[in-house]
Amino acid sequence: MSPTAWHYQDGQRAVGPVEEDVIRRRLSEGRMQAGTLVWCEGMSGWAPVEQTLFAAEVPLRITPAAASAQASVRVNPAVAWLIACLPFALLLLSPVPGSGLIGMVAYIALALHDRRQLQRAGRPLLHAGWWLILLGGVGAPIYLSLRAGMLGDRRDYVLVSLLAIAMFFLFALQGGMPA
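Computed from a prediction, not measured in an experiment: that's the story for all the values here.

1. Concerning the packing of helix H3 (residues 78-93) against helix H7 (residues 156-173)
When two helices pack together, their arrangement is given by the angle between their axes and by how far apart the axes lie.
So, step 1. For the pair H3 and H7, interaxial distance at closest approach is 8 Å and the crossing angle is 15°. For the element pair H3 / H7, the angle class is roughly parallel. The interaxial crossing formed by H3 with H7 has left-handed handedness. Residues Ala80, Trp81, Ala84, Cys85, Pro87, Phe88, Leu90 and Leu91 of H3 form the contact with H7, whose participating residues are Asp156, Tyr157, Val160, Ser161, Ala164, Ile165, Met167, Phe168 and Phe171.
So, step 2. A per-class count over the contact of H3 with H7 returns 15 nonpolar, 1 polar and 1 charged.

Structure (structure tokens):
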């Protein structure tokens, strides 16, 4: 009788076939966590590793190896700075028809990219982040403040965001922007 061939998800790719001992070793070394999808012939579909015969071996908490792997994923502040400075760019684009829509789409795209980056680093934002993203640029300072607080960052980009939005609305109210 041949050993069962297993497959597992590693990020976005499926790995396998591998033998059971490979799955067990990855679990014991902290290179595979609860929630990792696995599959072998005879299963109806992919299932989380903790719902298979490996359930007893799934770590209940993050192991030092997994914690150091998560800590090594750095959250790039460049996206936060782009979000903060977006109203300045919109001031430059104000003569372009539809610049408000362009700005909203750019803000949502940047914020969604930032959320994915935070999730990959094991630092997902609260559910409040979704409605702040949908508020667009007006929600940017709140979103950036939550982000900075969670990451322990300085709030420089939050202040820049507030200044950029204030300048944007100041120019809009003074008629510096086309209607």
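The discussion continues.
2. Remarks on the nonpolar core
So, step 1. Ranked by size, the top nonpolar core spans 18 residues in total, and within it Ile83, Tyr107, Tyr143, Leu144 and Tyr157 carry the most contacts.
So, step 2. Those residues within four positions of Leu144 in sequence are excluded, and the remaining contacts are Ala80, Ile83, Ala84, Tyr157, Val158 and Ser161.
So, step 3. Val18, Val22, Val38 and Val58 belong to the second-largest nonpolar core, a separate cluster that totals 13 residues.

3. Describing the packing of aromatic side chains
So, step 1. Applying the stated rule across the entire model yields 3 aromatic pairs.
So, step 2. Between Trp6 and Phe54, the ring centres sit 4.9 Å apart and the planes meet at 70°, which makes this aromatic pair edge-to-face. Placement of Trp6 in strand S1 (residues 6-10) and of Phe54 in the loop between strand S4 (47-48) and helix H2 (64-71) is noted, with a sequence separation of 48 residues between them. This pair shows no difference in class: Trp6 is buried, exactly as Phe54 is.
So, step 3. When the ring of Phe168 is compared with that of Phe169, the centres are 5.6 Å apart and the planes differ by 80°; the resulting orientation is edge-to-face.
So, step 4. On the basis of relative accessible area, Phe169 is assigned to the partly exposed category, the value being 39%.

4. Describing the environment of Phe88
So, step 1. The topology assignment puts Phe88 in helix H3.
So, step 2. The partly exposed category is assigned to Phe88, whose relative accessible area is 28%.
So, step 3. For the pair formed by Phe88 and Met167, sequence separation is 79 residues and the distance between their alpha carbons is 8.0 Å.

5. Looking at unusual backbone geometry
So, step 1. Note the cis peptide between Gly16 and Pro17, where omega equals 10°.
So, step 2. Position of Pro17 among the secondary structure elements: in strand S2 (residues 13-18).

Reading guide: rules and limits
Residues numbered from 1 in each chain as written. Predicted model: local features only at pLDDT ≥ 70, side-chain atom pairs only at ≥ 80, totals over all residues. Heavy atoms only, no water. Axes fitted to C-alpha atoms, helices over the stretch in contact; angles between N-to-C directions. Helix = DSSP H or I, 4+ residues; strand = E, 2+ residues; numbered from the N terminus. Parallel < 35°, antiparallel > 145°, perpendicular 65-115°, else oblique. Left-handed = near helix turned anticlockwise from the far one by under 90°. Contact = heavy atoms within 4.5 Å. Nonpolar A, V, L, I, M, F, W, Y, C, P; charged D, E, K, R; others polar. Core = buried A, V, L, I, M, F, W, Y, C linked by side-chain atoms within 4.5 Å. Buried < 20%, exposed > 50% of the residue type's maximum accessible area, 1.4 Å probe, protein only. Phe/Tyr/Trp six-rings, centres within 6.5 Å; stacked < 30°, edge-to-face > 60°.

Fair warning: the whole summary comes from geometry, so function is off the table for now.
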